[in-house]
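# What the coordinates show
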Amino acid sequence: TPIIVSNYTAALTAANLRGDLDAFLQGRGSRNLLQELQGHLLHRNSADAAAAGTRYNISLMNAMVLYTAEFAISHGAGDKMPIERGTSMEIFVKLSRDLDNEGRYYLLTGMANQLRYPNHHTQYLSCVLLWLFKCASDKEIVREQLTRVLIERLIVNKPHPWGLLNTFYELIRNPAYEFWRHDFVRSNAQISDLLRILRVTAL
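Please read all numbers here as calculations on a predicted model, not as lab measurements.

## Things to note about the side chain of R143
- Here R143 is to be found in helix α9 (residues 140–154).
- There is a polar contact of 2.7 Å between the side chain of R143 and the backbone oxygen of F133.

## Concerning the packing of helix α2 (residues 18–25) against helix α5 (residues 58–74)
- Contact pair α2 / α5: the axes reach a minimum separation of 11 Å and the direction vectors enclose 30°. Considering the angle they form, α2 stands roughly parallel to α5. Classified by chirality, the crossing of α5 by α2 is right-handed. Contacts between α2 and α5 involve R18, L21, D22 and L25 from the first element and M64, Y67, T68 and F71 from the second.
- Along the lines of polarity and charge, the residues of the contact of α2 with α5 split into 5 nonpolar, 1 polar and 2 charged.

## Let's talk about the nonpolar core
- Among the nonpolar cores identified, the biggest contains 61 residues, and M64, I91, M111, Y124 and F179 are the most heavily contacted of them.
- Apart from residues no more than four positions distant in its own chain, M111 is found in contact with V65, F92, L125, V128, L129 and L132.

## Thoughts on the environment of A15
- Residue placement: A15 occurs in the loop between α1 (9–14) and α2.
- Separated by 32 residues in the primary sequence, A15 and A47 place their C-alpha atoms 16 Å from one another.
- In contact with A15, not counting residues within four places along its chain, are R44 and L60.

## Here we look at the side chain of Q114
- Relative to the elements of secondary structure, Q114 occurs in the loop between α7 (101–112) and α8 (120–134).
- With relative accessibility at 12%, the residue Q114 sits in the buried group.
- In contact with Q114, other than residues within four places in its own chain, are L66, H121, T122 and L125.

## What about α2?
- Restricting attention to buried positions, one finds in α2 the residues L21, D22, A23, F24 and L25.
- Where α2 is buried, its residues meet α1, α3 (32–40), α5 and α6 (87–98).
- Immediately downstream of α2, the backbone of G27 shows phi near 80°, a positive value.

## Details of the packing of aromatic side chains
- If you walk through the whole model with that rule in mind, you get 5 aromatic pairs.
- Aromatic side chains Y105 and Y106 sit 5.8 Å apart centroid to centroid with 65° between the ring planes, which places their arrangement in the edge-to-face category. Exposure class is identical for Y105 and Y106. Each is buried.
- Between the aromatic rings of F179 and F184, the centroid separation amounts to 6.2 Å while the plane-to-plane angle is 85°, which identifies the pairing as edge-to-face.
- Residue F179 is classed as buried on the basis of its relative accessible area of 1%.
- Judged by its relative accessible area of 9%, F184 falls in the buried class.
- For the cation-ring pair, R173 lies above Y169, with the distance from its terminal atom to the ring centre recorded as 4.8 Å.

## Overview of the pattern of salt bridges
- By the definition in use, this model includes 9 salt bridges.
- A salt bridge links R186 to D183, with the shortest nitrogen-to-oxygen separation between them at 3.1 Å. A residue pair is termed a helical-turn pair when its members lie 3 or 4 positions apart in one helix, as R186 and D183 do in helix α11 (residues 183–186) at 3 residues.
- For D183, a relative accessible area of 54% translates into the label exposed.

Each value, and the rule that gives it
- All residue numbers refer to positions counted from 1 along the written sequence of the respective chain.
- At least 70 in pLDDT is required for a residue's local features to be given in this predicted model, at least 80 for side-chain atom pairs to be given and counted, and no such filter applies to totals for whole chains, interfaces and linings, which use all residues.
- Excluding hydrogens and water, the side-chain values take into account all heavy atoms of the structure.
- In this description a helix means any DSSP run of H or I spanning at least four residues, a strand means any run of E spanning at least two, and both kinds are numbered starting from the N terminus.
- Identification of polar contacts relies on pairs of N or O atoms within 3.5 Å, with a donor-acceptor requirement for protein atoms, meaning one able to donate a hydrogen and the other able to accept it, and with residues adjacent in sequence counted only if both atoms are side-chain atoms.
- In this description, a line fitted to the C-alpha atoms serves as the axis of each element, helices being fitted only across the stretch in contact, and the angle between N-to-C directions of two axes falls anywhere from 0 to 180 degrees.
- Any angle that is under 35 degrees is reported as roughly parallel, and any over 145 degrees as roughly antiparallel; angles of 65 to 115 degrees are reported as roughly perpendicular and all others as oblique.
- In this scheme the crossing of two helices becomes right-handed for a clockwise turn of the near helix relative to the far one and left-handed for an anticlockwise turn of less than a right angle.
- Only heavy atoms enter the contact rule, under which two residues are in contact if any of them lie within 4.5 Å.
- Think of it as three bins: nonpolar holds Ala, Val, Leu, Ile, Met, Phe, Trp, Tyr, Cys and Pro, charged holds Asp, Glu, Lys and Arg, and polar takes everything else, Gly as well.
- Side-chain atoms within 4.5 Å link the members of a nonpolar core, which is a set of buried Ala, Val, Leu, Ile, Met, Phe, Trp, Tyr and Cys residues.
- Note on exposure labels: buried denotes an accessible area under 20% of the residue type's maximum, exposed denotes more than 50%, and partly exposed covers the range between, all computed with a 1.4 Å probe on protein chains only.
- Stacked, tilted and edge-to-face are the three classes assigned to paired rings of Phe, Tyr and Trp, where Trp is represented by its six-membered ring and a pair needs centres within 6.5 Å; plane angles under 30 degrees give stacked, over 60 edge-to-face, the rest tilted.
- Counted as over-ring charges are cases with an Arg CZ or a Lys NZ within 6 Å of the ring centre that also lie within 35 degrees of the ring normal.
- By salt bridge we mean one thing: a side-chain nitrogen of Lys or Arg within 4 Å of a carboxyl oxygen of Asp or Glu.

Here it is in structure tokens:
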């Protein structure tokens, strides 16, 4: 597990979310949290939203993603139990389905932020992203936005993080994901060409 220098849990505490999140993750909290979590991730007043340029509290979103992932890792996700089980995955699946496009973009970006060198966070959140793409959503927009988040990081100058390349490579080469059959891959010639260039680069 990588060392996290920043006190990222402070954002959860400041938003009065940590206690409820802990209770839900441990199976003791109200199931209503899944319905209410989207509202918790918004800025509390319009002034904060205007200053940030978004309705979403991005620091809180990133903290929630990492905290939820760490809980799953500490409870054996991907080791003692399948990656798709557990309360952490419930949160990720629910938010990926219910958030609007802006919120979903920040959620997926928060996950991609952890695709770094080989470590527990990289491994777990790579698996989460791949699971969301393959199984956890019936919305094509989720797959399209997930692909966008990865591509945005691959079109900048190298070097690219190992976890990012590994996740993208698995997504485009593993036939289980049927990546090249999705409409958004083929809907625009420029996008299709870019993806093929990235495919060669990833190889």
